[in-house]
Amino acid sequence: MKSSTSVYLDAARFLAAFVVFLGHASRGWATGDLFPTYRAYDQTAVIVFFIISGFVIAEVAPRSSMRRYLIDRVTRLYSVALPAAAITIVCTVIVAAMGPPALSAVFPIALPEETVRLLASLLFVNRSWYLALEPTVNIPWWSISFEVFYYAIFLLFFYFRGLAARLLVLAIALAAGPKVISLLPLWLLGFLLHRICASDRLRVGPVAASVLLVAGLSLLLVAPKVAWHYPMALAELTRPMLYADYCGGIGFALTVYAVNALPDRVWPSLPALTAAIRWLASLTFSLYLFHFPIIVAVCALYPSAPTDTDRRLLIVAVPALVVLAIGRWCERSRLPMRRALLRRWPG
């Protein structure tokens, strides 16, 4: 992968998580629509993750054994999912015990049911078919379930041959349900995009790449309007924003292809900026899974008006500080987890 493409993907990954964070912080019950623009793009930002995920898997899978692929995925997920579960439990108790009536109406919490929701989320089956079993105060967990199904389908297709493997793929697809499978082509688009970017025969010149970059950014910008004006007719089987999802996903894919096609001399050499982007990108998964329960807990602990300045500052600052404090440690904890699993599963 070209260095410029890698840096662009890292920047996009962090910006997508940041847009989701500010979009959720802008909910009416939280800050009274503080950042309406970010709120409009929070779903599109999640689709960016799916494209990047498929692209990254295409980069690492060919040089990984099935054992290494599986261990890498498990440790990547649980290094952040387990701390996120702990944060979710603490925030759920706070909201249940101290949440004002207006907040409790938005987040009705029944503690026995929350146990089921958390277990389903830790097993990543919380969005199978018509389920919506992510924790009440951690809505972003929905997309992780989608991605884990894609990992499983890819593993069977890439590392196994024969009828039994194909039947297992079908079984996993049936277990996932139409809503999850409706976004699988976007994940696969990310995988295909890596193959295209790696092929010199499919590379365009700088002018065409610039045109594609503008076109891709334009599709990303209009994606929320597509959702408003063209809702999915079969939303109960797929997603109500499916057309917008594909508009944003294809748009982002075009930008990645364009950035990869542009010559390196187009991009200034800024080592300090590159290092900062890499560091911020290392916090992406933690920011994505930690922020929402903390926002809801802050609302419970500081039950003033959503437009109160101090409350708004706390809602933005507290999740950010928690992520800065423990996010990098959580994401790096996958390294000892990986070593432990490799020792227990030699091969």
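Student: Mind laying out the environment of V169, listing which residues take part and the relevant values?
Tutor: The residue V169 is located in helix α8 (residues 163–176) in this model. The residues contacting V169, other than those within four sequence positions of it, are I153, L156 and F157.

Student: Before we move on, can you summarise the pattern of salt bridges with the specific residues and values?
Tutor: Tallying each qualifying case throughout the model produces 11 salt bridges. Put simply, D10 and R13 hold a salt bridge, and the shortest N to O gap is 2.9 Å. Of this pair, D10 and R13 both sit in helix α1 (residues 3–25), three residues apart, which is roughly one turn of the helix. Close ionic contact of R338 with D72 constitutes a salt bridge, the shortest N to O distance being 2.9 Å. On the criterion of sequence distance, the pair formed by R338 in helix α16 (residues 334–344) and D72 in helix α4 (residues 66–98) is long-range, its members being 266 residues apart. The same class applies to R338 as to D72, namely buried.

Student: Explain the side chain of N126 to me, and be specific about the residues and the numbers.
Tutor: In this structure, N126 sits in the loop between α6 (111–122) and α7 (142–159). Overall, the relative accessible area of 0% leaves N126 in the buried class. Here E134 takes part through its side chain, which lies 3.2 Å from a polar atom of the side chain of N126. Only 3.5 Å separates the side chain of N126 from the backbone oxygen of W141, close enough to count as a polar contact.

Conventions we followed
- Residues numbered from 1 in each chain as written.
- Predicted model: local features only at pLDDT ≥ 70, side-chain atom pairs only at ≥ 80, totals over all residues.
- Heavy atoms only, no water.
- Helix = DSSP H or I, 4+ residues; strand = E, 2+ residues; numbered from the N terminus.
- Contact = heavy atoms within 4.5 Å.
- Salt bridge = Lys/Arg side-chain N within 4 Å of Asp/Glu carboxyl O.
- Buried < 20%, exposed > 50% of the residue type's maximum accessible area, 1.4 Å probe, protein only.
- Polar contact = N/O pair within 3.5 Å; in protein donor to acceptor, adjacent residues only side chain to side chain.

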